[in-house]
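Okay, here's what each chain looks like letter by letter:
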Amino acid sequence: MGTTASQLGKDLLSEYQELTFLTKQEILLAHKRFSELLAKEERSLPSPRVPMEKILSLPELKSNPFKKRICHVFSTSDPKDGSLTFEDFLDLLSAFSDSATLEIKSHYAFRIFDFDDDGTLDGRDLEKLVNCLTGETEDTRLTSEEMRQLIGNILEESDIDKDGTVNLSEFQHVISRSPDFVSSFKIVL
Amino acid sequence: MELCELQRQGSAGGNSYHGAQQSIRLQSMSSASNQNGPLFNWASSPTEGSEDESRPLKVLRGQPLPMRLKRALREVQQMRVPLVTDWQSWKRSKAKSVSRFRTDANVALYSTALWRKTLLKIGGQFGGGVQSYFLFLRFLVVLNFLSFFLIAGFVLIPSIVFKTTSPSNITADSNGTNLIGSDWSTEDCTAYDPNPQGLVIFYQYFLDLLSGTGFMEYSYVFYGYYNNTVAESSGFHYNLPLAYLLTCVFYFAFCLVCIIARMGSALRVAVATGSGAVGSYSKIVFTGWDYGCHGDQATKLKQKNIHYQLQLDLEEQRLQNKAASLTLGQTVGLYSLRVFLMVISITLIGVAFFCIFRSTAFSQEKVGETGLLGLIWEYLPSIVITAGNFVVPLLCDQIALFEKYSPSTTIIIALFRSVFLRMVSLGVLLFSLWSKITCFEDKQVCLLCQYNHEDYPCWETRVGQEMYKLTLFDFLINVAMLILVEFPRRLLVDHWSCALTRWVGRQEFLVPYNVLGLVYGQAVVWTGALFCPLLPLINTLKFFILFYCKKVTLFSNCRPAVKTFRSTTSTIFFLVVLLFGWGLALVALIYSLAQMHPSMSCGPFRSLTTMWRIVPDTFYTLSQTTQDFLFYMGSQAFSIPLFIFSCVVLCYVTALASVYGRSVDLLKAELKMAGRDKQFLVKQIEKLSRTMGVLTRDQEDMYDTGAPN
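About the thresholds
- Sequence positions are assigned chain by chain, starting from 1 and proceeding in written order.
- Both sets of labels track the order of writing: A upward for chains, 1 upward for ligands.
- In view of the model being predicted, local features appear only for residues whose pLDDT reaches at least 70, and side-chain atom pairs are presented and counted only at 80 or more, with totals across whole chains, interfaces and linings using the full set of residues.
- In computing side-chain values, all of the structure's heavy atoms are included and hydrogens and water are not.
- In DSSP terms, a helix is any run of H or I states spanning at least four residues, a strand is any run of E spanning at least two, and both are numbered starting from the N terminus.
- When a residue's accessible area, from a 1.4 Å probe over protein chains only, is under 20% of the maximum for its type it is buried; when over 50% it is exposed; and in between it is partly exposed.
- Only heavy atoms matter for contacts: two residues are in contact if any of them lie within 4.5 Å across the pair.
- By definition, no residue in a patch forms a salt bridge, and every one has over 30% relative accessible area; like charges are joined within 9 Å, nonpolar side chains (Val, Leu, Ile, Met, Phe, Trp, Tyr) within 5 Å.
- Here, Shrake-Rupley sampling with a 1.4 Å probe gives the accessible areas, and only protein chains in the shown set may cover a residue.
- A carboxyl oxygen of Asp or Glu within 4 Å of a side-chain nitrogen of Lys or Arg is what we treat as a salt bridge.
- Two rings from Phe, Tyr or Trp (for Trp, the six-membered ring) form a pair when their centres are within 6.5 Å of each other. A pair whose planes differ by under 30 degrees is stacked, one over 60 is edge-to-face, and the rest are tilted.
- Consider the ring centre and the ring normal. A charge sits over the ring if Lys NZ or Arg CZ is within 6 Å of that centre and within 35 degrees of that normal.
- Neither His nor the chain termini are counted; the positive set is Lys and Arg, and the negative set is Asp and Glu.
- For the purpose of locating charges, the reference atoms are NZ of Lys, CZ of Arg, CG of Asp and CD of Glu.

**Quick notes on the environment of F136 of chain B**
Residues and elements named next belong to chain B.
Then, number 1: Its place among the elements puts F136 in helix α6 (residues 128-164).
Then, number 2: By relative accessible area, F136 is classed as buried at 3%.
Then, number 3: Residues F136 and L575 lie 439 residues apart in sequence; the distance between their C-alpha atoms is 8.6 Å.
Then, number 4: Sequence-distant contacts of F136, defined by excluding residues within four places in its chain, comprise V515, L518, V519, F574, L575 and L578.

**Observations regarding a nonpolar patch on the surface**
Residue and element names in this part refer to chain B.
Then, number 1: A surface patch of nonpolar side chains, about 690 Å² in accessible area, is lined by L114, V142, F145, L146, F149, F544, I545 and Y548.
Then, number 2: Residue assignment for the nonpolar patch shows that the elements contributing at least two residues are α6 and α18 (535-557).
Then, number 3: Among the elements that take part in the nonpolar patch, α6 stands out by supplying 4 residues, more than any other.
Then, number 4: Mapping Y548 onto the fold places it in helix α18.

**Quick word on the packing of aromatic side chains**
Then, number 1: Within this structure, the stated rule accounts for 45 aromatic pairs over all chains.
Then, number 2: Geometrically, the ring pair formed by F34 of chain A and F86 of chain A is tilted, given 5.5 Å between the ring centres and 55° between the ring planes. A residue pair is termed long-range when its members are at least 10 positions apart, and F34 of chain A in helix α2 (residues 24-37) and F86 of chain A in helix α6 (residues 86-95) qualify at 52 residues. We note that F34 of chain A, like F86 of chain A, is buried.
Then, number 3: The structure contains a cluster of three or more aromatic residues connected by ring pairs, namely F66, F74, F96, Y108, F110, F113, F171, F181 and F185 of chain A together with F286, W289 and Y291 of chain B.
Then, number 4: Between R69 of chain A and the ring centre of F115 of chain A, over which it is positioned, the NZ or CZ distance is 5.8 Å.

**Concerning a positive patch on the surface**
Then, number 1: Together, K162 of chain A together with K668, K672 and R676 of chain B make up a region of like positive charge exposed at the surface.
Then, number 2: Tracing the chain through its elements places K668 of chain B in helix α22 (residues 636-704).

What follows is the structure, given as structure tokens:
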């Protein structure tokens, strides 16, 4: 089931309201912004898919260092190219919305940080994560000495079962002790 | 058919996270249906448990599944029509509409919050620390505004009504038995004439507005204008002095409740998450990014922020390791240096106090002078306080460079010094005023009226004027700094580049010092509220305008800070400092109510020995049963059981907290055990598969020699 032309039906709207954390206004705004990304002829298709480059042109995502990972995580396309349908887009906004629960936010944050998609955050994932956070240019990266110290500290603090990786439960344990997470893990159109 | 397809899709998309989903699954669902199926228990029915109907909704929304799967689950749930009675279905639909109403109300409330968009913009561009300052400012604006309604409703409006209506209301001195004694002439004490005499020069009005004298002195703004009317007409009885006193007390209680309520939510989170020190690296890395950052510049800034924060923490750790390895001699040297520097900073603060004290005394001596010079003498205490609050922290910062504390400790110590300086400078001002009014030094003048009636015929109005002047001066200084210092600085730095301007650079928005300014202003308002009832309204306007001024300077003149201020702990810190100010104002209030003799020439308490006397006097006019009841409430027979009961509640809550702490530890240990078990099993599997692998390879070799089929 997809969107028809430029209007969302009332049933569809209430269904989306039940299945996501978004309010009616937010869904309508999302629909408007999503339609703007589509070419004119694609708008009448039942379930149009927007390629990743167009999604990344949204101002809310354009300068986010995790933009590619976000698209990959929420994309339901088979070739895993990061393209999003409108419902994927709504899932994205729902997870990043104001009223989403801590569990769902931490779950998706974990998936975004898991660069190799293997279900745990190992040293390489953590290194890529830190590089995204500090910037990829030479003068903003940490030195390898500092990086080693930092990853060692992170693993010492969060790896409870001492297997050298951070799994979802350990990740959620760290998140639950940070009160600012819910308010910073937010993208509002 | 369709279900199986969905199951397969679910498993394909989520096989890596299959085990991880256990943690998100609700506890009540059975884990038996957990084959290779999707990440939801198909076997559960929505009617399990007697919870409200919104639970299945929450369950659906909170599932980290793509929309397709959530829709399928919903269809399955709806297909399963549960057998419910009419009563249950009615209850469920009511609960649904209630929760929908609550969500809509929350959305409406959230979208009408004052300055919401501005605060979001500030948070996105400058970070959580600066945003917490503006949130705090908004909280103070709302607090002052609501307090004004309180005061207006119970004091201002009745006063206006009683003054303007016909004399069917009795203007009576309440219980004239409280006069000091009939031998002493009270004529001198009641002499008070605040109205300006003769021709008034036009600019005198402007000076009066700034200093609260002249036309402003005898007006609703200050204490002296209110009468001690006790209005009685056909069943309606209103005791204005009592209302004045109780409104002031209730105003303090109201502010305390608001502050504690606001602190409660922040504290709850902070206590639940334990001390911030542990796990700080993981916290920064996992939760440090703000997804609301828009634009390349904001992103680069945030990245620089995080980079700086990480480097800082890592360096602090290295320093700590080094400090732990200092020799005894070095440690002794370091500590003695710190003690010496602490003594110096305390001396500096003491010198500032002495200057404030002397300037207040001097200003009180010079009262009555006219013109611009007179205005300067009047504002001298405020000038000295502001200068002290500017110079002393600067010097203390320089001292702190030598103390070699870690960076976070340095910030906290600097803040505490500034708080101490500000609050106690206000206290010194009050003390010097009080000592003048009640003649600590020269007892002769106060013998007649119990206070210095020559210099202060209406001393409460004088104190109110001082607080009014402090508030106004603070506001004017802020605006002047904005116009005369901040804008020119930016213009200079932007358009003229030389070594000096490059070194000075664009200014940074220093959150802690700005917050202290707000807390100081609010403490002044609290102290002055008893003597200047309209001060909360004036303060509301002041803070309202200040918000826009600070916003303008933030966006035009400031560069974003590299050093961040953690937002949740900073909110708690701001509120704690606000409570200090409240405590100081409370001490001043209690002393004024209980010890000082109200002036006999003005105000609602003019015929009483202390302001508090109105309460016992009114109390004894109540009926006997009410008096007995209230006496019983205050007696030991009531308060001791109450005390015991509250101790029991406290013990219960403490026990509950310790039980939760212990269960957290147990669960952590369990997690460790599970991890170790997992590693052991993985090793066993590896070993087994190796042996199996060797066997199957042998078997394959045997078959390979045969012909291929």
